[in-house]
Amino acid sequence: MVSSEYERRIAARFATFDQDGNGYIDREDFSGAAKALLAEFGTTPRSDKGQALYGGAEAFWQGMAGIADRDGDQRITREEFVNGAVKRLRDNPDRFAEIARPFLHAAFAVAAPDGEAAVEDLARVLRALGVPEDVARAAAASLDGDGDGKVSEAEIIPAFARYFTVPQ
Ligand code: CA
Ligand code: CA
Ligand code: CA
């Protein structure tokens, strides 16, 4: 049995990946996320950081497709997401951190050139990815455990993996 709360959370995670909202997750959603992030921070796609972010987005897509695209049509449907990605990643959060890491590392370099991200800049990242304003602010603030207004990269990857892999 699945609860409606569980289904709501899965739907929210699917929507986060389906950046263009066309009903399935594909490569364009990942490259679109990279493009939106670079635009938000005024970083050119052809810069080293821009290239790293696009490379990370492609690796993230390949990793997700490897886990969830069971029919190999280069699209992850909601059904494939729920039955493939969610279950397998919940059982193996480290795997998710691994496939997301190059993208998150590159995104962190864009948003936090000094090696620590301001909470406000993390909220900008989430907003650029389509997360609603209030959710983005709360999520960014929640990562700052000691309340000094900054978050390290080491804190972000596990938090990101938890968000996507533990639907509680
Ligand atoms: Ca899409
Ligand atoms: Ca598919
Ligand atoms: Ca902190």
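Our subject is the structure listed above.
Residues numbered from 1 in each chain as written. Chains lettered and ligands numbered in written order. Predicted model: local features only at pLDDT ≥ 70, side-chain atom pairs only at ≥ 80, totals over all residues. Heavy atoms only, no water.

Draft legend 1. Examining the pattern of salt bridges more closely. As enumerated under the stated definition, the model contains nine salt bridges in all. Here Glu120 makes a salt bridge to Arg127, at a shortest N to O gap of 3.3 Å. A salt bridge links Glu133 to Arg137; the shortest N-O distance between them is 3.4 Å. Here Glu133 pairs with Arg137, and both are found in helix 7 (residues 133-143), just four residues apart, close to one helical turn. Residues joined in a network through salt bridges with shared partners are Glu120, Arg127, Glu133 and Arg137. (Salt bridge = Lys/Arg side-chain N within 4 Å of Asp/Glu carboxyl O. Helix = DSSP H or I, 4+ residues; strand = E, 2+ residues; numbered from the N terminus.)

Draft legend 2. Region of interest: helix 6 (residues 119-128). Those residues of helix 6 not exposed but buried are Val119, Leu122, Ala123, Val125 and Ala128. The positive-phi residue at the C-terminal boundary of helix 6 is Gly130, with phi of around 95 degrees. (Buried < 20%, exposed > 50% of the residue type's maximum accessible area, 1.4 Å probe, protein only.)

Draft legend 3. Representation of the side chain of Glu80. Inspection of the secondary structure assignment puts Glu80 in helix 4 (residues 78-91). Within the local environment of Glu80, its side chain forms a polar contact with the backbone nitrogen of Asp71, the two atoms lying 3.4 Å apart. Engagement of the side chain of Glu80 in a polar contact is seen with the backbone nitrogen of Thr77, the distance being 3.1 Å. Leaving out residues up to four positions away in the same chain, Glu80 has contacts with Ala68, Asp69, Arg70, Asp71, Arg75 and Ala85. (Polar contact = N/O pair within 3.5 Å; in protein donor to acceptor, adjacent residues only side chain to side chain. Contact = heavy atoms within 4.5 Å.)

Draft legend 4. Here's a closer look at the coordination of the calcium ion (ligand 2). Every protein donor of the calcium ion (ligand 2) is listed here as Asp69 (OD), Asp71 (OD), Asp73 (OD), Arg75 (O), Glu80 (OE) and Glu80 (OE), and their distances to the metal cover 2.2 to 2.6 Å. Classification of the site at the calcium ion (ligand 2) as irregular follows from its six donor atoms and the range of 52 to 157 degrees in their angles at the metal. When the donor residues of the calcium ion (ligand 2) are listed from N- to C-terminus, their spacing reads D-x1-D-x1-D-x1-R-x4-E. Owing to a relative accessible area of 53%, Asp71 belongs among the exposed residues under this scheme. (Donors = N, O, S within 2.8 Å, 3.2 Å for Na, K, Ca; no water. Tetrahedral: all angles 85-135°; square planar, octahedral: opposite > 155°, others 65-115°.)

Draft legend 5. Spatial organisation of the packing of helix 2 (residues 27-40) against helix 3 (residues 48-68). Interhelical geometry of helix 2 versus helix 3 gives an angle of 155 degrees and a closest axis separation of 9 Å. Between helix 2 and helix 3, the interaxial angle falls into the category roughly antiparallel. For the pair helix 2 and helix 3, the crossing hand works out as right-handed. Contacts from Arg27, Phe30, Ser31, Ala34, Lys35, Leu37 and Leu38 in helix 2 reach Gly50, Leu53, Tyr54, Ala57, Glu58, Phe60, Trp61, Gln62 and Met64 in helix 3. (Axes fitted to C-alpha atoms, helices over the stretch in contact; angles between N-to-C directions. Parallel < 35°, antiparallel > 145°, perpendicular 65-115°, else oblique. Left-handed = near helix turned anticlockwise from the far one by under 90°.)

Draft legend 6. Representation of the packing of aromatic side chains in the model. Enumeration according to the criterion identifies nine aromatic pairs in this entry. Between the aromatic rings of Phe14 and Phe81, the centroid separation amounts to 5.4 Å while the plane-to-plane angle is 70 degrees, which identifies the pairing as edge-to-face. Of this pair, Phe14 sits in helix 1 (residues 4-17) while Phe81 is found in helix 4, placing the two residues 67 residues apart along the sequence. As far as burial versus exposure is concerned, Phe14 and Phe81 are alike and both buried. Each ring, one from Phe17 and one from Phe30, has its centre 6.0 Å from the other, and the planes form 40 degrees; the classification is tilted. Taken together, the residues Phe17 in helix 1 and Phe30 in helix 2 connect sequence positions 13 residues apart. Take Phe17 and Phe30: they sit in the same class, and that class is buried. Through a chain of ring-to-ring contacts, the aromatic side chains of Phe14, Phe17, Phe30, Phe60, Trp61, Phe81, Phe96 and Phe103 assemble into a single cluster. A cation sits over an aromatic face here: Arg78 above Phe14, 5.3 Å from the ring centre. (Phe/Tyr/Trp six-rings, centres within 6.5 Å; stacked < 30°, edge-to-face > 60°. Lys NZ or Arg CZ within 6 Å of the ring centre and 35° of its normal.)

Draft legend 7. Quick peek at the coordination of the calcium ion (ligand 1). Those protein atoms acting as donors to the calcium ion (ligand 1) are Asp18 (OD), Asp20 (OD), Asn22 (OD1), Tyr24 (O), Asp29 (OD) and Asp29 (OD), and they sit at 2.2 to 2.5 Å. Around the calcium ion (ligand 1), the six donor atoms are arranged such that angles at the metal cover 52 to 155 degrees; this shape is classified as irregular.

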